[in-house]
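So the chains spell out like this:
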Amino acid sequence: MESFKTSITNTIVIWIMNFIPQITLALLLTAWFTSHSNEIKCKGFFKVVFYMPNIITAATVAILFQALFAYPRGPVNDFLISTGLRDSGYYFLQHKMASKLIVAFIQFWTWYGNTMIVLISGVLGISPDIYEAAQIDGANGVQTFFRITIPNLKTVLLYTLVTSLVGGLNMYDIPKCFNDGKPDNATLTTSVFIFKQAFSGKWIYNRAAAASMIMWVIIALCSAVLFFIMRDKEQIKLDKEVKKAKKEAMRASKGGIDQWQL
């Protein structure tokens, strides 16, 4: 089961490596597109350009990057040699960390546009009156973004985190098509491991099923933790106060009825 442990580690590491820059760039682009102080021309064009990688199928992008980083001759190696950065080509697909970084970059490049669109939709749902009040009070763009936009995007951010977690831990097509989990299981994710156990000549269905159930439990637990961390504490506190007030009102009304009957 060492390969399964390796696949879990690889999956988590690659997901973190692509999600942190993905959410960071998506938030920056969201702040840029929804800025109330600086009007940007051709917003629709830029949104389409940034979202375009998400339209291309993941398998196509993986095969494209495999060709880009081909050895000994490929566009990237040709560039490195022609600029004098290297005397000969570099075998990216046989280097563990290089392969992980490329897979993580493909994931990031494919999905940051989708995350950006989701966050922009969330910002557009925030009442403009709040931004007008902040502008009247003299808040700058950075203060407005961190003190108004981010707190009001908590639900959308939770959705983004959970969907990215589920998609990241089920990562299959890009590592499979790019390098088939190689070199030395460096890009072997859990989904690729499950496929190899069940449908790649081994036919070990019970092991594949067990690995699938373990991943389901991990995803469910991680999602529950995210829901707990991102819960709206103020709303929960307010709901408790409302329930308490209703109970006290019911007790008071019941006491008044009993006294009237006496």
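As the structure is a prediction and not an experimental result, all values here were calculated from the model.

**Looking at unusual backbone geometry**
In the segment running from Y71 into P72, the intervening peptide bond is cis, with an omega of 5°. By secondary structure assignment, the location of P72 is in the loop between helix 3 (58-68) and helix 4 (75-82). For the bond running from K182 to P183, omega is -5°, close enough to zero to count as cis. Position of P183 among the secondary structure elements: in the loop between helix 9 (173-179) and helix 10 (190-199). At D180, a position not held by glycine, the phi torsion is positive, near 55°. One can find D180 in the loop between helix 9 and helix 10. A residue is classified by how much of its surface remains accessible, and D180, at 23% relative accessible area, is partly exposed. One non-glycine residue, N185, lies in the positive phi region at around 65°.

**Details of the packing of helix 3 against helix 5 (residues 96-124)**
Where helix 3 contacts helix 5, the two axes come as close as 11 Å, and the packing angle between them is 135°. The angle between helix 3 and helix 5 falls in the class oblique. Both helix 3 and helix 5 take part in a crossing whose hand is right-handed. Along its contact with helix 3, which presents V61, A62 and F65, the element helix 5 presents I102, F105, I106, W109 and T110. Split by residue class, the contact of helix 3 with helix 5 holds seven nonpolar, one polar and no charged.

Calculation notes
- Residues numbered from 1 in each chain as written.
- Predicted model: local features only at pLDDT ≥ 70, side-chain atom pairs only at ≥ 80, totals over all residues.
- Heavy atoms only, no water.
- Helix = DSSP H or I, 4+ residues; strand = E, 2+ residues; numbered from the N terminus.
- Buried < 20%, exposed > 50% of the residue type's maximum accessible area, 1.4 Å probe, protein only.
- Axes fitted to C-alpha atoms, helices over the stretch in contact; angles between N-to-C directions.
- Parallel < 35°, antiparallel > 145°, perpendicular 65-115°, else oblique.
- Left-handed = near helix turned anticlockwise from the far one by under 90°.
- Contact = heavy atoms within 4.5 Å.
- Nonpolar A, V, L, I, M, F, W, Y, C, P; charged D, E, K, R; others polar.

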